[in-house]
Amino acid sequence: MPYLTKIDASRQIRQVSGTTFLLSGSTVIKETLEIQGNFSGSSKIFSGSTDLSNLFISRGNYRDIYFDAAAFSTLKSSGATSFTEEYTGTSLNTDNIVSDYYSFTGQTRDEGIQIRIRMPDEWDLSTIKSKIYWDPDKGSSPGNGVVWGIKGGSVSNDDTLSGETIFGTEITLADSVITPQDLHITSASTAITIAGTPVLDDLIILQISRKVNNSNDTMTQSAKLLGCALQYKEMLSSGATQW
């Protein structure tokens with residue numbers, strides 16, 4: 001059975017496969033040890049008596065966050081309109097779902113909303129992905145298309161809060177009506193680049209709009225945005241430190 005006998009100069013154990021005990025016997029880690037990469041096969045990271053007080057294990061995990069429509073603000077010009085709706089069933093009672101949402105009309109102009117986010121310290125500062133949670137309005141038909149656009153930028157300490165140049169390239173998410181007034185969740189977007197070379201503590205500004213002039217946006221009724229989920233990747237090292 002193979003045993004690891006040497007740790008590289010940066011005190012990192014990298015990808016191991018097969019039947020492996022990384023550290024065996026009575027092991028005490030005197031300094032921080034970082035384990036990176038993928039571990040496959042029948043592997044045990046530690047066997048025996050081991051002091052793990054200074055161990056950090058990281059695999060670059062993906063994390064996600066959900067933001068409800070109520071957390072957004074509408075654009076002053078060409079903004080979507082906010083509403084609160086109670087989804088009533090066949091009988092009126094007090095257990096109906098109540099939902100905040102933004103209504104994006106199917107007219108000739110794109111309407112939009114924005115949200116300000118402070119991302120977790122563990123974020124690796126790379127691209128993110130998104131899913132849109134929405135609801136087709138009454139009168140829409142199965143198969144009607146809706147196209148959403150999303151773009152983002154970062155604002156650091158002492159950066160200006162004015163101007164349109166903070167946003168990166170807008171990506172689009174297309175979806176189709178299944179049943180009006182049912183929850184619809186788009187597929188994951190392609191990678192969204194946050195413009196402005198973000199650093200930790202930045203405010204991340206995201207703008208979501210309905211792209212009514214896109215040829216795949218065929219629904220003439222309003223689309224109700226209920227929320228937005230974001231996925232980001234954690235950095236491979238611990239990253240976060242105490243404030």
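Everything numeric in this text was worked out from a predicted model, so none of it was measured. One numbering rule holds for all chains: residues counted from 1, following each sequence as written. It should be noted that, the model being predicted, local features are given only for residues of pLDDT at least 70 and side-chain atom pairs only at 80 or more, the latter also being counted only at that level, while totals for whole chains, interfaces and linings use all residues. Hydrogen atoms and water are omitted, and side-chain values are computed over all heavy atoms in the structure.

Asker: Honestly, the environment of I117 in this entry has me stumped. Any pointers?
Answerer: Residue position: I117 is located in strand β12 (residues 112-117). Taking relative accessible area as the criterion, I117 reaches 3% and is therefore assigned buried. Along the sequence, I117 and L203 sit 86 residues apart, while their C-alpha atoms lie 5.6 Å from each other. Leaving out residues up to four positions away in the same chain, I117 has contacts with F67, D202, L203, I204, L206 and L230. Helix and strand labels come from DSSP, where a helix needs a run of H or I of at least four residues and a strand needs a run of E of at least two; each type is numbered from the N terminus. Accessible area is worked out with a 1.4 Å probe on protein chains only. A residue is then buried under 20% of its type maximum, exposed over 50%, and partly exposed in between. Any two residues having at least one pair of non-hydrogen atoms within 4.5 Å are treated as being in contact.

Asker: Would you mind showing me how to read the packing of aromatic side chains here?
Answerer: Note on aromatic pairs: each is described by the distance of the centres and the angle between the planes. Geometry of aromatic contacts follows a simple scheme: Phe, Tyr and Trp rings, the Trp one being its six-membered ring, pair when their centres are within 6.5 Å, and the pair is stacked under 30 degrees between planes, edge-to-face over 60, tilted otherwise. Evaluated as defined, the whole model comprises four aromatic pairs. Where Y66 meets Y133, the ring centres are 5.3 Å apart and the plane angle is 75°; that geometry is what we call edge-to-face. Here Y66, found in strand β8 (residues 62-68), pairs with Y133, found in strand β13 (residues 129-136); they are 67 residues apart in sequence, far enough to count as distant. One aromatic cluster in this structure is built from F104, W134 and W148. Positioned above the aromatic ring of F167 is the side chain of K151, whose terminal nitrogen or guanidinium carbon lies 5.4 Å from the ring centre. By definition, being over a ring means that NZ of Lys or CZ of Arg is both within 6 Å of the ring centre and within 35 degrees of the ring normal. For K224, the ring lying beneath its charged end belongs to Y101, and the centroid distance is 5.2 Å.

Asker: Where do I start with the pattern of salt bridges in this structure?
Answerer: Two side chains carrying opposite charge are able to pair once their charged atoms lie near each other. By salt bridge we mean one thing: a side-chain nitrogen of Lys or Arg within 4 Å of a carboxyl oxygen of Asp or Glu. One pass over the structure, following the stated rule, counts nine salt bridges. The salt bridge involving K211 is made with D110; its shortest N-O contact spans 2.9 Å. You can see K211 sitting in the loop between β18 (203-210) and β19 (223-233) and its partner D110 sitting in the loop between β11 (97-104) and β12, a full 101 residues away along the chain. A relative accessible area of 27% means that D110 is categorised as partly exposed. In this structure, R118 engages D201 in a salt bridge whose closest nitrogen and oxygen atoms are separated by 2.4 Å. In this pair, R118 is assigned in the loop between β12 and β13 and D201 in the loop between β17 (194-195) and β18, connecting sequence segments 83 residues apart.

Asker: Would you mind showing me how to read unusual backbone geometry here?
Answerer: Its identity is not glycine, yet L125 carries a phi of approximately 70°, on the positive side. Position of L125 relative to the elements: it lies in the loop between β12 and β13. Positioned with a positive phi, T197 is a non-glycine residue whose angle comes to about 50°. Checked against the element boundaries, T197 lands in the loop between β17 and β18. Owing to a relative accessible area of 66%, T197 belongs among the exposed residues under this scheme.

Asker: For this particular structure, what's the right way to read the nonpolar core?
Answerer: Grouped burial of nonpolar side chains is what soluble globular proteins tend to show. Membership of the largest hydrophobic core comes to 31 residues, with the highest contact counts inside it found for I128, W148 and I208. Among the secondary structure elements, those contributing two or more residues to this core are β11, β12, β13, β14 (145-155), β15 (171-176), β18 and β19. Of all the elements, β19 adds the most residues to this core, at five residues. Leave out the neighbours within four places in its chain, and I128 touches M119, W123, T190, A191, I192, I194, L206, L230, Q231 and Y232. Think of a nonpolar core as a cluster: buried Ala, Val, Leu, Ile, Met, Phe, Trp, Tyr and Cys residues, connected wherever their side-chain atoms sit within 4.5 Å.

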